[in-house]
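# An overview of the molecular structure
One letter stands for each residue in the lines below.
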Amino acid sequence: MDQGSIEGLSVENPVWYSMCISSEHLDFALDTMRATSTMYPTAYMTVARTAFVAAVNAVWVLAPPTRQERRERALRLRADDLRVQVTSFRDMQVPEGKPEEARNGLLEQLRERQASLQKVATALGVQEDVAKMRFHQTGAIDWVAQHMHGVDDDLLLGATQALWRSGSAAAHAQFHFGVMRFDRNEVVHEESGSSIVRLRGDLENDVGPAIASATMTLSEAFRLYDLRSVSHLPS
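Residues numbered from 1 in each chain as written. Predicted model: local features only at pLDDT ≥ 70, side-chain atom pairs only at ≥ 80, totals over all residues. Heavy atoms only, no water.

## Describing helix H8 (residues 203-228)
With 26 residues, H8 extends 35 Å from end C-alpha to end C-alpha; this agrees with the ideal 38 Å at 1.5 Å per step. Along its length, H8 reaches its greatest deviation from straightness, about 30°, at Pro 209. Sitting at the amino-terminal end of H8 is Asp 202, which places a side-chain oxygen 3.1 Å from the backbone nitrogen of Glu 204. (Helix = DSSP H or I, 4+ residues; strand = E, 2+ residues; numbered from the N terminus. Expected span 1.5 Å × (residues − 1). Bend = angle between axes of the 7 residues up to and from the residue. Polar contact = N/O pair within 3.5 Å; in protein donor to acceptor, adjacent residues only side chain to side chain.)

Here you go:
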């Protein structure tokens, strides 16, 4: 199975992992809807967001036509993942003694992995410092949207971007997610003069499109995965 892997860097493993995560979250959303018969205001948007992001990342790695590009993108994802881990554990407050020793040991392992990945980057002709590499999620989403819908389809491109931003607002408990939906929900006026808004889940305008977008993107990921899963015979 040729996914463009190179010694020290797997292209297939992170892609397959992302596809599994996306499938899991979509399955969970649909199972929960059936089991509860309840349309929660924000929870499904959070689950659909993860499904969408995971599918996007798989497509982003698999879509380029050359193995060199796919390798470089897998490298960037891996480097960013290691950088985030290093930052997380380095800044974590832990007691002195064995907990701190364990943390320092883990940091040493992560830095060794970064050093190994730097050798892979050199072999690929990538001059960038692996420890400083960053993966830009919004940029990947925009790129995948253009790949799937075409650069001239402003409607679908804008809709994809809107779904991503709505899902992020719901996942981060940002107040504007609810404020922007006041007109869709019931406003209850109290005797004191104040009002309460009963926020409801919206299958037609929020959850449905979010799940559909994630499903479409995951379907493209599986299509590309099958397309790249070929054996190249030496010429």
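## Topic: the nonpolar core
If you look at the biggest cluster of nonpolar residues, it comprises 54 residues, and the most contacted ones within it are Leu 75 and Leu 117. It is helix H2 (residues 43-62) that contributes the most residues to this core, 14 residues altogether. (Core = buried A, V, L, I, M, F, W, Y, C linked by side-chain atoms within 4.5 Å. Buried < 20%, exposed > 50% of the residue type's maximum accessible area, 1.4 Å probe, protein only.)

## Looking at helix H1 (residues 12-36)
Because each turn of an α-helix spans 3.6 residues, side chains separated by three or four positions in sequence point in the same direction. For H1, which comprises 25 residues, the first-to-last C-alpha distance of 36 Å matches the rise-based estimate of 36 Å (1.5 Å per residue) to within 8%. Of the positions making up H1, those classed as buried are Val 15, Ser 18, Met 19, Ile 21, Ser 22, Leu 26, Ala 29, Thr 32 and Met 33. Buried residues belonging to H1 abut H2 and H8. Ser 37 occupies a position one or two residues after H1 and carries a positive phi of about 50°. (Contact = heavy atoms within 4.5 Å.)

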